[in-house]
Amino acid sequence: MIPFGTHGKARRLAALAAAEEAAHPTTTTPSQAEMQARLQVFIESRAIWCAILGGLMGLVVGLVVFWGERVVLAESEYSGDSPAVQFYASIVGGVAAGVAFLIGWSLNTRMANLWLGQRWRLRQLIDTLALVVVHSSIAVMAALGIFRLFQDAFIGLTVDDLAGAVFCGLVGAVAAYFSFNSGARINAFTLSTILASFMASGVLVSMLFAENPFWWHVMFSELGTGQAGSTSFWTFNTTLVVSGIIITTLTAFITRDLEIWAEHTRDKLTERIQRRQQEAAAASSRGKVPLRLRATAPFARHLWTPRVMVVRIGMIVMGLSLAGVGLIPISLHHDAHVVATASFGLSFLFLLVGIPYWLPGFPRTFYLVSYLSAAGLVFAFTLWRPVGYYNLTSLELIGAAILFSWLIIFVRNIAAQVERVRQVVPQSQLGGTDSEAAG
C-alpha cells in the first residue's frame, strides 16, 4: 500500500499525460514536457517522505535498543560486550530499503512502465521479490562495510545512545531515499548497474566470511560449499540465484526497448526496398522492377531484419544458468553444476559472436567491442587450459569483468538507438512505451 494518497495522485497524473498525448499525438508539446517535469517532482517529493519515515524508524529503534548504553560502531576485539551500531543499522537499512523500493516500484508500474504491471502475475511476484532482496541486501552490506571501516579507523571509539540512534536514523533515511528513487525510476541501465553492485558485494561478503582462507586456490564455486562455512555458503548461492532472476528481469527491459527499435528498423527497411524498386521500375523502359532487385529483396530482408527473440532467449538462458549455478552447489552435484556454468558461458559467447546477425543496424564500434569481448574470453580460457598460466578463479574474475563491461555498453547502445527512434517517430506510434517518466 502506498501512503500519502499516492495512488490517486499517480492516476491523475498518468491520466493527464494520456490526455495530452491524445490531444497532440504527433508532437512533443510544452504541456507534455511540463507533465514530465511534474512527474519527476512528484517522485522526488515522495522519495523525501520515504527518507523521513526511514530516518524516524531508525531513530526509534536506536533509542529503544541503545537506551542508557555506550555502543561501538562495529564489533571488534576491543568492543567487549557493548552493543554494535553496525548490526542494528544494517537491519534498519535493509527494512527501509525494501519497503521504500516496493513503494517506488509500485509507482513505476502505474506511472511510467505500465507494461510491468501487465505481465503474468507470478512473473511480477518473482521479479518484485528478487528486486526487494537486491535493494535490501545492498543496504545491509553497505551498512556493515561502512561501520566496520570507521570502527577500524577509530579503534576503541564508543558513542552514547543518542549518537547511536542518530546513526541508525541516517542509515534508514539514506537507504529509503535511494531505494525509492531506484524503484520509481528503474530502467535497463540502472538495473544493470544494480545487478553488478549486488553481485560484487555478495561475492565480497562471501569471501570475507569464508572459513577456508585458501578457497581461491580452487575456484569461486568453492565459496558455495559447506567447507566455506554457513554464512559464505548461503550468501554466495543466494547471490547467484537472485542475480540470475535479475538478469531475466533485465531481459524484459532490454527486449522492450529493442522491439521499439526493431519495429522502426523493419519499417525503414521495407520503405527502402520499395523505394528502390519503384525508382528502378520508373527508370526501366518496360516499367518493371529488374530481376536483380526482385531476387535480392528477400536476402536483404533476411540480412537486415533484427532478431530480438534470439537475444531474449540467449539472455534468459544466461539468467537461468546463473540461478542454476547457485541452486546446485558443486558439492551437491559436480556434473550438474559444471553444466549450468558451461551453459552460462556458452550462451554469453553465443550472443557476442552472433550480435551483428541478431541485431543488424547497431554501430560498428559495438560489434567491434563484442568481438573483442569474445576474443578476450577465448584467450582467457586458453591461458587457463591448456597453458596453465593461472587457476580457474582468475578465469572467472576475467569473465565477470568482461560480462558486466559488455552488458553496460550494450544497454547504453540500446538506449541511444531507442532515443533516436523517439526523435523521428510520434510517441503515439511507439506502442505505449511509457518509459520516459522513469528517468
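In this text the structure is predicted, and so the values were computed from the model without any measurement. (Residues numbered from 1 in each chain as written. Predicted model: local features only at pLDDT ≥ 70, side-chain atom pairs only at ≥ 80, totals over all residues. Heavy atoms only, no water.)

**What to know about the packing of aromatic side chains**
Here the structure, examined in full by the defined rule, presents 21 aromatic pairs. Between F87 and Y88, the ring centres sit 5.0 Å apart and the planes meet at 80°, which makes this aromatic pair edge-to-face. We classify F87 as partly exposed; its relative accessible area is 46%. Ring centres 4.9 Å apart and planes at 90° place the aromatic pair W261 and F362 in the edge-to-face group. Of this pair, W261 sits in helix 7 (residues 230-283) while F362 sits in the loop between helix 10 (334-358) and helix 11 (364-384), and the two are 101 residues apart along the sequence. Residue classification places F362 among the buried residues on the basis of a relative accessible area of 4%. Linked through ring pairs, W261, F348, F362, F366, Y367, W406 and F410 together constitute an aromatic cluster. Positioned above the aromatic ring of W384 is the side chain of R385, whose terminal nitrogen or guanidinium carbon lies 4.5 Å from the ring centre. (Phe/Tyr/Trp six-rings, centres within 6.5 Å; stacked < 30°, edge-to-face > 60°. Buried < 20%, exposed > 50% of the residue type's maximum accessible area, 1.4 Å probe, protein only. Helix = DSSP H or I, 4+ residues; strand = E, 2+ residues; numbered from the N terminus. Lys NZ or Arg CZ within 6 Å of the ring centre and 35° of its normal.)

**Side note on the nonpolar core**
Ranked by internal contacts, the top residues of the largest apolar core, which has 64 residues, are I254, L258, L359, F362 and F410. Put simply, the parts of the chain that give this core at least two residues each are helix 3 (85-111), helix 4 (121-153), helix 6 (188-208), helix 7, helix 9 (308-327), helix 10, helix 11 and helix 12 (392-424). With 13 residues, the top contributor of residues to this core is helix 7. Beyond its immediate stretch of four places on either side in the chain, F362 contacts L258, W261, Y367, F410, N413, I414 and Q417. In this structure, M35, L39, M111 and F180 belong to the second largest nonpolar core, which totals 14 residues. (Core = buried A, V, L, I, M, F, W, Y, C linked by side-chain atoms within 4.5 Å. Contact = heavy atoms within 4.5 Å.)

**Thoughts on empty space enclosed by the protein**
Over the atoms a probe the size of a water molecule is rolled, and this reveals where empty space is left. Enumeration over the complete set of coordinates arrives at 2 cavities of 30 Å³ or more. Along its surface, the largest cavity is lined by L195, I247, M315, M318, L403, F404 and L407. Per-element accounting of the lining of the largest cavity gives the leading share, 3 residues, to helix 12. Looking at the lining of the largest cavity residue by residue, the classes come out as 7 nonpolar, no polar and no charged. (1 Å grid on protein atoms, 1.4 Å probe; cavity = no way out; pocket = protein on both sides within 12 Å on 5 of 7 lines; lining within 4 Å. Points joined across faces, edges and corners; volume = space filled by probe spheres on them. Nonpolar A, V, L, I, M, F, W, Y, C, P; charged D, E, K, R; others polar.)

**Things to note about helix 3**
For helix 3, built from 27 residues, the straight-helix expectation of 39 Å at 1.5 Å per residue is met to within 8% by its first-to-last C-alpha distance of 38 Å. When you tally the buried positions in helix 3, you get 20 out of 27 residues, the bulk of the element. (Expected span 1.5 Å × (residues − 1).)

**Re the pattern of salt bridges**
Any two side chains of opposite charge can pair, given that their charged atoms come close. Scanning the model with the defined rule gives 5 salt bridges in all. We note a salt bridge from R185 to E44, for which the minimum N-O separation is 3.2 Å. Here R185 is found in helix 5 (residues 161-185), whereas its partner E44 is found in helix 2 (residues 30-66), with 141 residues between them in sequence. Take E44: its relative accessible area is 26%, and that puts it in the partly exposed class. (Salt bridge = Lys/Arg side-chain N within 4 Å of Asp/Glu carboxyl O.)

**What about the packing of helix 11 against helix 12?**
Closest axis-to-axis distance for the helix 11/helix 12 pair is 10 Å, and the angle between their directions is 175°. Here helix 12 runs roughly antiparallel to helix 11, going by the angle between their axes. Residue-level inspection shows F366, V369, S370, S373, G376, L377, A380, F381 and W384 of helix 11 in contact with helix 12, the latter providing L392, L395, I398, G399, I402, W406, I409, F410 and N413. In terms of residue class, the contact of helix 11 with helix 12 is built from 13 nonpolar, 5 polar and no charged. (Axes fitted to C-alpha atoms, helices over the stretch in contact; angles between N-to-C directions. Parallel < 35°, antiparallel > 145°, perpendicular 65-115°, else oblique.)

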